[in-house]
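# Residue-level structure breakdown
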Amino acid sequence: FNNNCYRDAILIAFINCATSIFAGFVVFSIIGFMAKQAGLEIPDVIQGGPGLVFIAYPEAVTQMPVPQLWSILFFSMIITLGLDSMFTLTETITTAIMDQFPMLRNHKGKVAICSGLTGFFLGLTMCTKGGIFMFELIDWYSAAWSLLICGITEVIITVYVYGHRNIFVNIQEMEINLPKAMKYYFLTTWKVLTPLSLIFVLLLKFVDYIPAYSTNTQEKYVFPDAVQCLGWAMSLVPVVFLIVGAPLEYYKRKSEGKSTDMLSLLSPSDEWGPSFVKNGVKKPAGQPELVELL
């Protein structure tokens, strides 16, 4: 609970940006090398997608000095990147399941195994003859506008409903002292810059919408309308949970005899709070109390 997440957030942001810049040098240097070897313009060398990693780069690596060494390093990097992504994804899924069903917290290993097996069986469709088309459809629509809507909703609820004052109180409870300048910075980004940026990108997603297509054929293959509808249905799943979850929570509270007014619905539950409060441990001196919502 007392982990300095403020420090971690800053470090991760800088490391992420630095890694992206470094990766950019690696990617474009290899593509430039391939273009020079083939005597072509860079856009004519290779298009994006899986072919860039599993066809273009390995071909370029074979033309370097000591290709065996570079091949081992390259594919070791690919494996570690894949494992790292899967660790994060699995941890996110298992945490969400255990938060929703607290009785499973003592069986984290079983939950992780079941999540992994479910993902494995669902991923078998991408190992078939037409699996690359399934992969590209999921890649096209899964991280689309629906995630932006979820992000906008999360920011609005966190900052405008729960309140930035309560967030700062929670940060102080974690024994993290933010400089005054950083508080103004977070206020500006949370309340103005982040919502506006997400809304702007969401609008661009709809304005610049292009139907999903595949580049793994001799000519660009645009998926038929039925497949496009499947992709849109895939994107709608996270939004459906937002739309359906609210009335379900309302009727659940009403059936349990709890208050269903707007203030009660937008307030944290009685179980919300730091672990030292829930476990009956005395709250450290000087810690402020949460302010009233709305």
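Here's what I pulled together on the structure shown here.

The rules we used
Residues numbered from 1 in each chain as written. Predicted model: local features only at pLDDT ≥ 70, side-chain atom pairs only at ≥ 80, totals over all residues. Heavy atoms only, no water. Helix = DSSP H or I, 4+ residues; strand = E, 2+ residues; numbered from the N terminus. Polar contact = N/O pair within 3.5 Å; in protein donor to acceptor, adjacent residues only side chain to side chain. Contact = heavy atoms within 4.5 Å. Patch = residues over 30% accessible without salt bridge, like charges linked within 9 Å, V, L, I, M, F, W, Y side chains within 5 Å. Areas by Shrake-Rupley, 256 points an atom, 1.4 Å probe, with all protein chains shown as cover. Salt bridge = Lys/Arg side-chain N within 4 Å of Asp/Glu carboxyl O. Core = buried A, V, L, I, M, F, W, Y, C linked by side-chain atoms within 4.5 Å. Buried < 20%, exposed > 50% of the residue type's maximum accessible area, 1.4 Å probe, protein only. Phe/Tyr/Trp six-rings, centres within 6.5 Å; stacked < 30°, edge-to-face > 60°. Axes fitted to C-alpha atoms, helices over the stretch in contact; angles between N-to-C directions. Parallel < 35°, antiparallel > 145°, perpendicular 65-115°, else oblique. Left-handed = near helix turned anticlockwise from the far one by under 90°. Nonpolar A, V, L, I, M, F, W, Y, C, P; charged D, E, K, R; others polar.

To continue, consider the side chain of S214. Tracing the chain through its elements places S214 in strand 1 (residues 213–214). Side-chain polar atoms of S214 contact the side chain of E136, separated by 2.4 Å. The contact partners of S214, leaving out residues within four places of it in the chain, are F133, E136, E219, K220, Y221 and F223.

What follows covers unusual backbone geometry. The phi dihedral of V66 is positive, around 50°, even though this residue is not glycine. Examined against the element boundaries, V66 turns out to sit in the loop between helix 3 (50–61) and helix 4 (67–100). If you check the backbone angles, E175 has positive phi at about 65° while not being a glycine. Checked against the element boundaries, E175 lands in the loop between helix 7 (145–173) and helix 8 (180–207).

Moving on, we come to a nonpolar patch on the surface. Where nonpolar side chains cluster on the molecular surface, the patch consists of L236, V240, L242, I243, V244 and L248 and spans about 520 Å² of accessible area. Topologically, L236 is positioned in helix 9 (residues 225–255).

In this structure, Y6, Y162, I167, F168, I171, M174, I176, L178 and F186 together form the largest nonpolar core, which totals nine residues. The element best represented in this core is helix 7, accounting for four residues. Leaving out residues up to four positions away in the same chain, Y6 has contacts with I176, L178, P179, M182 and F186. Ranked by size, the runner-up nonpolar core spans seven residues in total, among them I31, A56, Y57 and A60.

The full count for this structure, using the stated rule, is 15 aromatic pairs. Ring geometry for F74 against F75: centres 5.1 Å apart, planes inclined by 80°, an arrangement best described as edge-to-face. In this structure F75 comes out as partly exposed when scored by relative accessible area, which is 34%. Clustering of aromatic rings is evident, with ring pairs tying together Y6, F168, Y185, F186 and W190.

Turning our eyes to something else, we now look at the pattern of salt bridges. Counted under the stated rule, the structure contains four salt bridges. The partner of R7 in a salt bridge is D8, and the shortest N-O contact between them spans 3.2 Å. Residue classification places D8 among the partly exposed positions, given a relative accessible area of 23%. We note a salt bridge from K258 to E256, for which the minimum N-O separation is 3.4 Å.

Right, let's talk about the environment of G109 for a bit. Position of G109 among the secondary structure elements: in helix 5 (residues 108–123). The sequence separation of G109 and T94 amounts to 15 residues, and the corresponding C-alpha distance is 9.3 Å.

We now examine the packing of helix 7 against helix 9. The N-to-C vectors of helix 7 and helix 9 enclose an angle of 15°; their axes lie 8 Å apart at closest approach. Between helix 7 and helix 9, the crossing angle belongs to the class labelled roughly parallel. Considering the relative orientation of helix 7 and helix 9, their crossing is right-handed. Every residue of helix 9 that contacts helix 7 at W145, S146, I149, C150 and T153 is listed here: W232, S235, L236, P238, V239 and L242. Looking at side-chain class alone, the contact of helix 7 with helix 9 contains eight nonpolar, three polar and no charged residues.

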